[in-house]
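# Chains, contacts and geometry: an overview
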Amino acid sequence: MTSCPACLRPLGQADLLALAEHLGDEAEASEPAHVRWLNQNLTRKKVPAAELLPGLERVYDLGSGTLKEWIKARFISKFFGPVPHPFVTALQHPSRATLLGYVVEHQHFLRQWVRSCAYIMARTDEPKVILYELDNLTTEYGGPGPGRVAHYELLLRMGESLGVDRSRVLTTPPLPSTREGVEGWNDIATRQHWVAALAAMHSLELIANRNLVQDGASVHYFDPSILSGSEIPDAAKNFLREGYEADVTHSDEALDLVTEFGSRPDLREEVQSTFLRSIDLFDDYLLARLERAAEFEA
C-alpha cells in the first residue's frame with residue numbers, strides 16, 4: 001500500500017503516480033509539511049505531478065539492495081552526511097548545556113519509545129518480534145536485571161551529575177517539536193502496520209550505531225574519546241556508552257526483522273513512507289534538544 005511520507009495518508013493500492021499527484025496537490029495548496037518534504041527530497045520548484053514521478057521512483061527504489069540497506073543509506077544521508085545534523089555536531093564534544101538539553105527532551109522520547117514498543121508487540125503474532133520488543137522494554141525502561149540499570153534511569157542520572165534534579169527534568173513539559181514527535185510516533189505505532197512502526201521506531205537507534213562509519217557516515221554520533229577522557233561526568237559516559245554498545249545489535253536486529261516481514265510488494269512502500277516520516281520527526285526532535293540547550297546556556 002502506498003502512503004504519503006509527509007502525512008502518512010493512505011493512498012490504497014495506488015502506485016507512485018498517485019503519491020506524486022497527492023504531493024503536488026498539497027504543495028499547490030501550500031501545505032507546509034508537503035512543501036517541506038518536496039523541498040528536502042525532490043525539488044524546490046512547482047512542477048506537474050508527472051515530473052515528480054521520476055524523483056519518487058529514485059527515492060523508493062531499493063536498487064539491488066535490501067530494505068535494511070535502503071533504510072541505513074537514507075538515515076546516513078540525512079544525519080551523517082558531509083554536513084552532519086547540528087545536534088550530532090554539538091555532541092562530538094558536548095557542553096554541559098548540550099547534555100542537559102539531551103536529558104530534558106529525551107526523557108519524553110523514551111517514555112513514548114516504550115509505549116511504541118509495547119504497541120508493536122501487541123499488534124504482531126510473530127514470536128521473534130515479541131521477544132525482541134520484550135527485550136527493548138526491559139533494557140530501556142524496566143531494568144534489565146541485577147547489576148544493570150535501565151537506559152531511562154541512566155539518562156536521569158546523567159542530568160543529576162550535571163546539576164539538574166530529576167524532579168525538574170520530569171516536570172518540564174516538552175518543547176513543541178518534541179511534543180509533535182511524541183504524538184507522531186504514537187500515531188505511527190497505533191495506526192500504521194506493525195512492520196512500518198517497527199521500521200519507524202527502531203531505525204532511530206541507528207543514530208548511536210558506531211558501525212555506521214563503515215557504511216559511509218562522516219562521523220560517529222559523538223567522538224568516542226569522550227568516553228575515556230575527563231570532559232564529561234562518569235554518569236554521562238555511562239548513558240552514552242550504553243547506547244553506543246547496544247544500538248549496533250539492536251538496530252541491526254530490528255532492520256533484519258523489517259526486511260523479513262516488510263519486503264512484500266503490498267507493504268514495502270508503506271514501510272518506506274513511515275520510515276521517511278519518522279526521520280523527519282526525529283530531525284526536528286534533535287533540534288529541540290539544541291533549543292533546550294540554549295535555555296541552559298542562557
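Whatever comes next refers back to the structure up there.
In this report, the structure presented in the accompanying data block is examined.

How each quantity is defined
- Residues numbered from 1 in each chain as written.
- Predicted model: local features only at pLDDT ≥ 70, side-chain atom pairs only at ≥ 80, totals over all residues.
- Heavy atoms only, no water.
- Helix = DSSP H or I, 4+ residues; strand = E, 2+ residues; numbered from the N terminus.
- Rg over C-alpha atoms; globule rule 2.2 N^0.38 Å.
- Axes fitted to C-alpha atoms, helices over the stretch in contact; angles between N-to-C directions.
- Parallel < 35°, antiparallel > 145°, perpendicular 65-115°, else oblique.
- Left-handed = near helix turned anticlockwise from the far one by under 90°.
- Contact = heavy atoms within 4.5 Å.
- Nonpolar A, V, L, I, M, F, W, Y, C, P; charged D, E, K, R; others polar.
- Buried < 20%, exposed > 50% of the residue type's maximum accessible area, 1.4 Å probe, protein only.
- Arc of directions from axis to C-beta.
- Polar contact = N/O pair within 3.5 Å; in protein donor to acceptor, adjacent residues only side chain to side chain.
- Disulfide = S-S within 2.5 Å.

This next bit is on the overall build of the chain. Check the secondary structure of the chain and you find 13 helices and 0 strands. In the chain, the succession of helices and strands from N to C terminus is α-α-α-α-α-α-α-α-α-α-α-α-α. Compactness check: the chain gives a C-alpha radius of gyration of 19 Å against a globular reference of 19 Å for 298 residues, within 12% of the reference. In terms of overall dimensions, the chain has a C-alpha envelope of 55 × 45 × 35 Å along the principal axes.

Below, the discussion takes up the packing of helix α6 (residues 96–123) against helix α7 (residues 127–142). Viewed as axis vectors pointing N to C, α6 and α7 meet at an angle of 160 degrees, and their least axial separation amounts to 9 Å. The angle between α6 and α7 places the two elements in the roughly antiparallel class. Between α6 and α7 the crossing geometry is left-handed. Listed contacts from α7 to Leu110, Arg111, Trp113, Val114, Cys117, Ala118, Ile120 and Met121 of α6 are Val129, Ile130, Glu133, Leu134, Asn136, Leu137, Glu140 and Tyr141. When grouped by side-chain class, the residues that make up the contact of α6 with α7 number 12 nonpolar, 1 polar and 3 charged.

Among all positions of helix α2 (residues 32–41), only His34, Trp37 and Leu38 are buried. What you see down the axis of α2 is that its buried residues fit within an arc of 95 degrees, all on one side. Those residues of α2 that are buried are in contact with α1 (16–28), α3 (49–60) and α13 (265–297). Where α2 begins, the side chain of Glu31 points an oxygen toward the backbone nitrogen of Ala33, at a separation of 3.0 Å.

Here we take up unusual backbone geometry. Although it is not a glycine, Leu8 sits at a positive phi angle of roughly 65 degrees. Take Leu8: it is sitting in the segment before α1. Here Leu8 falls in the buried class, since its relative accessible area comes to 12%. Not every positive phi belongs to a glycine, and Ser30 is a case in point at roughly 60 degrees. Structurally, the position occupied by Ser30 is in the loop between α1 and α2.

Right, let's get into the side chain of Asn209. Among the secondary structure elements, Asn209 is positioned in the loop between α11 (194–202) and α12 (234–262). Accessibility expressed as a relative area gives 5% for Asn209, which makes it buried. In this structure the side chain of Asn209 is engaged in a polar contact, spanning 2.9 Å, whose partner is the backbone nitrogen of Asn211.

To continue, consider the environment of His34. Here His34 shows up in helix α2. Note: C-alpha distance between His34 and Leu170 (136 residues apart in sequence) is 34 Å. Each residue touching His34, except ones within four places of it in the same chain, is listed here: Cys4, Ala6, Cys7, His22, Leu23, Glu26 and Ala27.

With that settled, the discussion passes to the state of the cysteines. Within this structure, the stated rule accounts for 0 disulfides. Free cysteine: Cys4, not disulfide-bonded; nearest cysteine sulfur from Cys7 at 3.7 Å. On the accessibility criterion, Cys4 (0% relative accessible area) is buried. Relative accessible area serves as the criterion here: at 36%, Cys7 is assigned to the partly exposed category.

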